[in-house]
Amino acid sequence: GAGVSQTPSNKVTEKGKYVELRCDPISGHTALYWYRQSLGQGPEFLIYFQGTGAADDSGLPNDRFFAVRPEGSVSTLKIQRTERGDSAVYLCASSLGAGGNSPLHFGNGTRLTVT
Amino acid sequence: AQTVTQSQPEMSVQEAETVTLSCTYDTSESDYYLFWYKQPPSRQMILVIRQEAYKQQNATENRFSVNFQKAAKSFSLKISDSQLGDAAMYFCAYRAWSGSRLTFGEGTQLTVNP
C-alpha cells in the first residue's frame, strides 16, 4: 500500500518568500505530525493533528509557521516570510491513532533551502 | 520535559561484526515507549525496534536487540552480524505512554566497512 507522501521533494526559495509543503498521509490514519530536521540534528516536533484539528502546536517556532488539515487527510505546512534559518528537511508522519502504542509512519521529507 | 541523548555522533563497524549504539533519556514518567529509528540517505525514518517501559524483557528483532536499563534510563541498540545495508543515521526516540509526539536524540552515524 501507499506510504506517506510528501511534495515537493526539494524546494528552493528566496528569503522573504512564502512556501507551502504538502503531506499525504496513509489512508485511514487519523493522526498526522510535522517535524523539522536541521542538518546533523534529530527531528524536532512542530505540530500534531488529530483529525482536522491541531491537537498540539506547541512546537511551531513562531507565527510565520502555520499548518492546516481541513478534511482530516492531506495537510499543508505554510511558512511565511521565509528566513535562511528555516532551511531544513521537513518530515511528515501519520499514525492510525494517537496513543503511544500506535507507530508513526514517516514520509521522505521535503528539503527546504532558503537562499 | 523529556530529553534524549546520544553521545556517539559517529560509529563504525566491520561487516559481520557487532556494534552497540548508546542512548540515555530523562523522564519523570513511569510508563513510556522507546524506539530506535534508522534514517538512510533517502531521509525516510524507518522503525527498527520498540520497547515498552513496563516490559522487563529486552526487545529483539532479528539482528537487532536492545539493552533497556530503566533505572539507569539507558536504552542501547545492538546490531549483530552487521551488513552494508545497515549503514545509516540511527536515532533513539522517546514517546510518553499516552502522548503523541516523539522526542528524538541527536543521532549516531553508523558506517559499515566491508
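Residues numbered from 1 in each chain as written. Chains lettered and ligands numbered in written order. Predicted model: local features only at pLDDT ≥ 70, side-chain atom pairs only at ≥ 80, totals over all residues. Heavy atoms only, no water.

K.L.:
So, the sheet that holds strand 7 (residues 65-68) of chain A: which residues are in play, and what are the values?
P.N.:
Residues and elements named next belong to chain A. Taken together, four strands build an open sheet; the order of strands is 1-3-8-7 and the sheet is antiparallel. One side of each edge strand has no neighbouring strand; the edge strands of this open sheet are strand 1 (5-7) and strand 7. For this sheet the average axis-to-axis angle between neighbouring strands, irrespective of direction, equals 15°. (Pairing = 2+ DSSP bridges. Helix = DSSP H or I, 4+ residues; strand = E, 2+ residues; numbered from the N terminus. Axes fitted to C-alpha atoms, helices over the stretch in contact; angles between N-to-C directions.)

K.L.:
Which residues make up the layout of surface pockets, and what are the values?
P.N.:
Considering only enclosed or pocket space, the largest pocket measures out at about 370 Å³ in volume. Lining the largest pocket are 19 residues, with Gln 37, Leu 39, Gly 40 and Arg 111 of chain A together with Gln 39 of chain B sitting closest to its centre. Within the residue set of the lining of the largest pocket, elements represented by two or more residues are strand 9 (88-95) and strand 11 (110-114) of chain A together with strand 10 (88-96) of chain B. Of the residues that constitute the lining of the largest pocket, the class distribution is nine nonpolar, eight polar and two charged. Approximately 290 Å³ is the volume found for the second largest pocket. Along its surface, the second largest pocket is lined by 17 residues, and Gln 2, Arg 101, Leu 102, Thr 103 and Phe 104 of chain B are the ones closest to its centre. Elements that contribute at least two residues to the lining of the second largest pocket include exactly strand 5 (44-50) of chain A together with strand 10 and strand 11 (103-104) of chain B. Per-class residue counts for the lining of the second largest pocket are seven nonpolar, seven polar and three charged. (1 Å grid on protein atoms, 1.4 Å probe; cavity = no way out; pocket = protein on both sides within 12 Å on 5 of 7 lines; lining within 4 Å. Points joined across faces, edges and corners; volume = space filled by probe spheres on them. Nonpolar A, V, L, I, M, F, W, Y, C, P; charged D, E, K, R; others polar.)

Shape is all these values report; function is a separate question.
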